[in-house]
Amino acid sequence: MKHPEPKNNEIKLSQKRYIVSKTDTKGIIEYGNDYFVEISGYSESELIGQPHSIVRHPDMPKIAFKLMWDRIDQGKNFMAVVKNLAKDGSYYWVVTDFEPKVDPITNEIISHTAFRKAAPQKAIDTMIPIYAKLSEVEKEGGMQASEKYLRDFLDENNTTYDNFVNELVGNKGLFKIFFTAMKKMFS
């Protein structure tokens with residue numbers, strides 16, 4: 001399926017609704033809730049069987065997804081602020097918490113579930129220039145250069161990736177309760 005041409009039209013997400021999708025271990029969509037279908041603009045049949053990258057916005061640096069796959073392939077959760085691309089070329093910002101599902105017998109990862117909520121404006125405003133710089137560095141020096149830039153940024157700010165994102169999105173209180181409840185509901 002061809003990626004749409006991005007346009008400068010933001011879809012504002014409801015603070016009261018959530019997006020859930022589930023993929024196999026290769027990132028192929030197996031499930032998307034009604035809100036995912038509505039916001040993405042794709043029908044359920046257009047989403048199922050497609051790589052989740054169908055909603056990847058070109059403004060997102062590749063290093064963000066490398067970090068995600070590195071973490072979830074190890075069976076670890078990963079939270080990120082992500083700009084997604086809808087079928088009509090519009091975009092929407094989410095805080096995504098990825099959780100791998102592990103087979104209770106083989107202990108192997110069998111799927112990944114992504115829980116998404118509207119990103120706080122502060123997080124969006126912070127990430128826009130960071131993602132722009134990471135994308136620029138990637139174009140000039142590849143993904144290794146982008147990863148080095150991100151590591152240097154985190155070192156300069158005396159933080160880790162997880163702490164930076166948690167602080168940025170306010171991953172505490174009701175926000176944290178939301179993601180915990182969603183994981184219990186869909187696990």
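Up top is the structure.
Residues numbered from 1 in each chain as written. Predicted model: local features only at pLDDT ≥ 70, side-chain atom pairs only at ≥ 80, totals over all residues. Heavy atoms only, no water.

This part covers the side chain of H112. Looking at where H112 falls in the secondary structure, it is placed in strand β5 (residues 109-118). The contacts of H112, once residues within four sequence positions are left out, are S21, K22, T23, D24, T25, W69, I72, D73, E99 and P100. (Helix = DSSP H or I, 4+ residues; strand = E, 2+ residues; numbered from the N terminus. Contact = heavy atoms within 4.5 Å.)

Here we come to the environment of I11. Relative to the helices and strands, I11 is located in the segment before β1 (19-23). Separated by 39 residues in the primary sequence, I11 and Q50 have C-alpha atoms spaced 22 Å apart. If we skip the residues at most four places from it in the chain, I11 touches I39, A86, S90, Y91 and Y92.

The next subject is helix α4 (residues 121-156). With 36 residues, α4 ought to run about 52 Å at 1.5 Å a step, yet its terminal C-alpha atoms sit only 23 Å apart, falling short of that. At G141, α4 shows its largest bend, some 135°. Residue N158 follows α4 closely and has a positive phi angle near 50°. (Expected span 1.5 Å × (residues − 1). Bend = angle between axes of the 7 residues up to and from the residue.)

Attention shifts here to the packing of aromatic side chains. A complete count under the given rule lists four aromatic pairs for this structure. Considering the side-chain rings of F78 and F98, the 6.3 Å spacing of their centres and the 35° angle between planes classify their relative orientation as tilted. Remark: F98 occurs in strand β4 (residues 91-102) and F78 occurs in strand β3 (residues 78-85); sequence separation between them is 20 residues. What makes F98 buried here is its relative accessible area of 12%. Aromatic pair F78 and Y161: ring centres 5.1 Å apart, planes at 5°, arrangement stacked. Of this pair, F78 sits in strand β3 while Y161 is found in helix α5 (residues 161-169), placing the two residues 83 residues apart along the sequence. Note on accessibility: F78 and Y161 belong to one class, buried. (Phe/Tyr/Trp six-rings, centres within 6.5 Å; stacked < 30°, edge-to-face > 60°. Buried < 20%, exposed > 50% of the residue type's maximum accessible area, 1.4 Å probe, protein only.)

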